[in-house]
Amino acid sequence: MKKLGILAGVAGVALTAILAASTARSADDSKLEELKAQGFARVAIANEPPYTAVAADGKVSGAAPDVAREIFKRLGVNDIVASISEYGAMIPGLQAGRFDVVTAGLFMKPERCAAVVYSEPVLCDAEAMLVKKGNPKGFKSYEDVAKDATATIGAPGGGTEEKLALTAGVPRDRVIVVPDGQSGLKMLQDGRIDAYSLPVLSINDLVKKANDPNLEVVAPVVGAPVYCDGAAFKKGDEALRDAYDVELAKLKQSGEFAKIIEPYGFSAAAAMSTSRDKLCSAK
Ligand code: 6CS
């Protein structure tokens, strides 16, 4: 009778372990299953071409959403639905459940890596400043703006360029929060700011469309790092992030990743030459 008791005990332990493992797995997969059932993933974007763009008819494009759309399709989530957000509101919105993922060129930096769960790198870029033709104040770096007591610089609220300008010593009242590219362009053209800073590809896109001979691009901004973004998921959605990374790696491996992002001007090699771990631990 004793032997029977021991066997029953062992079987019970094994059964408990199997149940626990399957429960954990099903809990992990629940977010992906939820998105599959929903039929779409809610993505946060900024409408800053070529990273993200919303056409007059509402069509969402840009390198970041195009990569996300392809990956989610492979995961069984048929489409993405985009909401436009300021960069500084993306992480709070993700944490509040307003979005399922941020696919907007939200650059990986240690403080952001602590707040969200990033995929592996997708889009890499240096920083630029848009100035008047001839660069009258001779800006080459954010420190140059800081040193000129009369100079003002525009940048996205909660964005990387705002942080870089403040860190370089530009006083708060000389760093002007600009909601979007068109506003920054107009403010510079009207002389309301002396420089407008965005990543290089975003500034180049603005200049190409502005068709204004009185503009000049300072790129790269001396002393500013090259950043890369990743898709940013809410903490707790690590399993969804891992599934996303598996498909991202396949896209990179097959050459399809390059086919999606390089027409926008991004380098697949740049994203493939670095990693989330490196970018999240950068000083
Ligand atoms: O990640 C950021 O904060 C920056 N990323 C892009 C693509 N544009 C401006 C923004 O500040």
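Residues numbered from 1 in each chain as written. Predicted model: local features only at pLDDT ≥ 70, side-chain atom pairs only at ≥ 80, totals over all residues. Heavy atoms only, no water.

**Comments concerning the environment of Asn-47**
Phase 1: Topologically, Asn-47 is positioned in the loop between strand S1 (40–45) and strand S2 (53–54).
Phase 2: Under the relative-accessibility criterion, Asn-47 is labelled partly exposed at 30%.
Phase 3: For the pair Asn-47 and Pro-199, spaced 152 residues apart in sequence, the C-alpha separation works out to 14 Å.
Phase 4: The contacts of Asn-47, once residues within four sequence positions are left out, are Thr-52, Ala-53, Val-54 and Ile-84.
Phase 5: Within the local environment of Asn-47, its side chain forms a polar contact with the backbone nitrogen of Val-54, the two atoms lying 3.0 Å apart. (Helix = DSSP H or I, 4+ residues; strand = E, 2+ residues; numbered from the N terminus. Buried < 20%, exposed > 50% of the residue type's maximum accessible area, 1.4 Å probe, protein only. Contact = heavy atoms within 4.5 Å. Polar contact = N/O pair within 3.5 Å; in protein donor to acceptor, adjacent residues only side chain to side chain.)

**Concerning helix H8 (residues 200–210)**
Phase 1: Every buried residue of H8 is accounted for by Val-200, Leu-201, Ser-202, Ile-203, Asp-205 and Leu-206.
Phase 2: Looking one or two places after H8, you find Asn-211, whose phi comes out positive at around 55°.

**Looking at the environment of Gly-157**
Phase 1: Its location among the elements puts Gly-157 in the loop between strand S9 (153–155) and helix H6 (160–167).
Phase 2: Here the alpha-carbon distance between Gly-157 and Val-177, two residues 20 residues apart in the chain, equals 5.1 Å.

**So, the nonpolar core**
Phase 1: Counting 71 residues, the largest nonpolar core has Val-67, Phe-72, Ile-153, Phe-257 and Ile-261 as the members making the most contacts within it.
Phase 2: Ranked by residues supplied to this core, first place goes to helix H2 (residues 63–74) with six residues.
Phase 3: Contact partners of Phe-72, with chain neighbours within four places excluded, come to Leu-35, Ala-41, Val-77, Ile-80, Val-101, Phe-233, Leu-240 and Tyr-244.
Phase 4: Counting 14 residues, the second largest nonpolar core, distinct from the first, contains Ala-128, Val-178, Leu-188 and Leu-206. (Core = buried A, V, L, I, M, F, W, Y, C linked by side-chain atoms within 4.5 Å.)

As far as function goes, none of this settles anything; it's purely spatial.
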